[in-house]
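# Secondary and tertiary structure notes
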Amino acid sequence: MKPYHQLECDTLPQIQRQVMEWIKNNRVDLLSSESLWNKVNTLELVRATPTLIDYCNKLGLKLREVALTVINQRNNAGLHIDELPVTAKMNIPIHNTMDSYNRWYRIPKEMFDSVGATENEFGKKYYSFTDVDYEKLEMVGELELLSPVIFNSQIAHNIILGDKCQLPRVVMACTFFNEPIHYLQD
């Protein structure tokens, strides 16, 4: 499977505006969050973003959960593989994603075996490769997140901030009841 598939979205500005309005009215604390992964009340956020629902319906996708990733410091998000069971997620750029890059890497089996799974703050297992020199790994994909993307969360990935990236960087991560794996087929 490929690491990502870019999607077209002619309603992206409306989705971005609706999400930022929801954040400012309900969770302004997220804009100063020190945590990359921020679970939110999915139903509450979805009700405030009707354009997002229309967009997902157009793609034939039924939303399961949304979360917001927020980067507020000038450090990159470490190399990791997301928690199972989801593989295909959608990331939607919400705020300040220009000059920030999602990258995917091939992890050699021996390195993968030596790291082992870690438990996150939500009690879910995932793989963290933060101590690995990712520049020595084979990069299999890179993307400046300027439009929605279906991405393979089971390929090791990180986020690199360029010098011109403004903070906070906000991205909405969506999972679906009907996982859109077909976008990741080679």
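Residues numbered from 1 in each chain as written. Predicted model: local features only at pLDDT ≥ 70, side-chain atom pairs only at ≥ 80, totals over all residues. Heavy atoms only, no water.

This part covers the packing of aromatic side chains. Applying the stated criterion across every chain, the model contains two aromatic pairs. An aromatic cluster of three or more residues is present, and its members are Tyr4, Trp104 and Phe151. Over the ring of Phe177 we find Lys62; its NZ or CZ atom is 5.5 Å from the centre of that ring. (Phe/Tyr/Trp six-rings, centres within 6.5 Å; stacked < 30°, edge-to-face > 60°. Lys NZ or Arg CZ within 6 Å of the ring centre and 35° of its normal.)

Moving on: the side chain of Gln18. Within the secondary structure, Gln18 is located in helix 1 (residues 12-26). Residue classification places Gln18 among the buried positions, given a relative accessible area of 11%. Leaving out residues up to four positions away in the same chain, Gln18 has contacts with Ala48, Thr49, Pro50, Thr51 and Leu52. (Helix = DSSP H or I, 4+ residues; strand = E, 2+ residues; numbered from the N terminus. Buried < 20%, exposed > 50% of the residue type's maximum accessible area, 1.4 Å probe, protein only. Contact = heavy atoms within 4.5 Å.)

Take the pairing of strand 5 (residues 88-95) next. Of all eight residues that make up strand 5, seven are buried, and the element is covered over most of its length. In terms of strand pairing, strand 5 meets strand 10 (residues 149-152) through four bridges, oriented antiparallel. Opposite Asn91, over in strand 10, you have Val149 as the bridge partner. Here strand 5 runs beside strand 12 (residues 169-176); their pairing, made up of five bridges, is antiparallel. Opposite Met90, over in strand 12, you have Cys174 as the bridge partner. (Pairing = 2+ DSSP bridges.)

Packing of helix 1 against helix 3 (residues 50-58) leaves a shortest axis separation of 8 Å and a crossing angle of 140°. Here helix 1 is positioned oblique relative to helix 3, judged by the angle of their axes. Each of Gln14, Ile15 and Gln18 in helix 1 lies in contact with helix 3, whose residues at this interface are Pro50, Thr51, Leu52 and Tyr55. Taken together, the residues of the contact of helix 1 with helix 3 break down into four nonpolar, three polar and no charged. (Axes fitted to C-alpha atoms, helices over the stretch in contact; angles between N-to-C directions. Parallel < 35°, antiparallel > 145°, perpendicular 65-115°, else oblique. Nonpolar A, V, L, I, M, F, W, Y, C, P; charged D, E, K, R; others polar.)

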